[in-house]
Amino acid sequence: MFRFSGRALHLVWQTSPLLFVAMVLLTVSNGVLPAAIAFVGARIVDAVVDAIALTRATGVTHYRLVIEWVLIEGVLVAAAGGASRMSSLCQSLLRIQLGQRVNVMILEKALTLELKHFEDSEFYDQLTQARREASTRPLSLVMRTFGLTQNAISLLSYALLLVRFSPWTVVVLLLAGLPAFVAESKFSGDAF
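Residues numbered from 1 in each chain as written. Predicted model: local features only at pLDDT ≥ 70, side-chain atom pairs only at ≥ 80, totals over all residues. Heavy atoms only, no water.

### Considering the overall build of the protein
- If you tally the helices and strands in the protein, you get seven helices and zero strands.
- The secondary structure elements of the protein, listed N-terminal to C-terminal, are α-α-α-α-α-α-α.
- A compact globule built from 192 residues should have a C-alpha radius of gyration of about 16 Å, whereas the protein, at 24 Å, is more than 25% larger.
- Along the three orthogonal principal directions, the C-alpha set of the protein runs to about 90 × 30 × 20 Å.
- In the protein, which comprises 192 residues, the share counted as buried stands at 30%.
- Carbon and sulfur atoms form 67% of the exposed surface of the protein, whose accessible area is close to 12,300 Å².
- Counting 16 positive and 13 negative side-chain charges, the protein places the averaged centre of each group 5 Å from the other. (Helix = DSSP H or I, 4+ residues; strand = E, 2+ residues; numbered from the N terminus. Rg over C-alpha atoms; globule rule 2.2 N^0.38 Å. Buried < 20%, exposed > 50% of the residue type's maximum accessible area, 1.4 Å probe, protein only. Areas by Shrake-Rupley, 256 points an atom, 1.4 Å probe, with all protein chains shown as cover. Lys, Arg positive; Asp, Glu negative; His and termini not counted. Charge placed at Lys NZ, Arg CZ, Asp CG, Glu CD.)

### With respect to the environment of T169
- Checked against the element boundaries, T169 lands in helix α7 (residues 167-191).
- The class for T169 is partly exposed, based on a relative accessible area of 21%.

### Observations concerning helix α6 (residues 137-162)
- If you check α6, its first and last C-alpha atoms are 37 Å apart, about what 26 residues at 1.5 Å a residue would give, namely 38 Å.
- For α6, every residue scored as buried is listed here: P138, L139, L141, V142, M143, T145, F146, L148, I153, S154, S157 and A159. (Expected span 1.5 Å × (residues − 1).)

### Quick word on the nonpolar core
- Ranked by size, the top nonpolar core spans 20 residues in total, and within it V12, M23, L94, L98, V102 and F146 carry the most contacts.
- Residue assignment for this core shows that the elements contributing at least two residues are α1 (2-15), α2 (17-58), α3 (64-111) and α6.
- Among the elements that line this core, the one with the most residues is α3, at six residues.
- Look past the residues within four positions of L98 in its chain and what remains in contact with it is L11, V12, T15, A134, P138 and L139. (Core = buried A, V, L, I, M, F, W, Y, C linked by side-chain atoms within 4.5 Å. Contact = heavy atoms within 4.5 Å.)

### Side note on the pattern of salt bridges
- As enumerated under the stated definition, the model contains two salt bridges in all.
- With a shortest N-O distance of 2.7 Å, R43 and D46 are connected by a salt bridge. With R43 and D46 both in helix α2 and three residues apart, the pair spans about one turn of that helix.
- A salt bridge links R64 to E68; the nearest nitrogen and oxygen atoms lie 3.3 Å apart. Placement of the pair is R64 and E68 together in helix α3, with a separation of four residues, close to one helical turn.
- Taking the relative accessible area as the measure of exposure, E68 reaches 32% and is therefore partly exposed. (Salt bridge = Lys/Arg side-chain N within 4 Å of Asp/Glu carboxyl O.)

What follows is the structure in structure tokens.
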């Protein structure tokens, strides 16, 4: 995967730097937001427990902090949904632009070839297959690279949350994620 991902990322950058930067930012946010939501969820539970204890002690309800944490979680969940939708939109736009760019590159290369190349059926089949897969193959590799990066960011974000609980949970988390990382890397490399 890593052998071809650099070339594919460079091709995407050349096609649309703005969409490339948007995909990078969305990948980071999609990687961090689940851990942030989990962190805020833990704060909600803590705030509820504290509010119940204060209510029992004073007789007055103290749920203001709980409501604040719930609102923060609502914003984070909305942001995660929005980031996911924006990522799909950027991916669709990039697929169109990348397919057009690769087709232009293929046509430019075809203009430099001689007639004997087009008479070779194997070469012509490869050229036709390249044109057919122009928008799917490079983008698929890029999206797998971004997905792998997003999963690594999520894993590290959760590890940062768990390290306060127990360092051993971080080791277990990283070891549990390793087989999926290796499988995704091998699968992505075969896709290009």
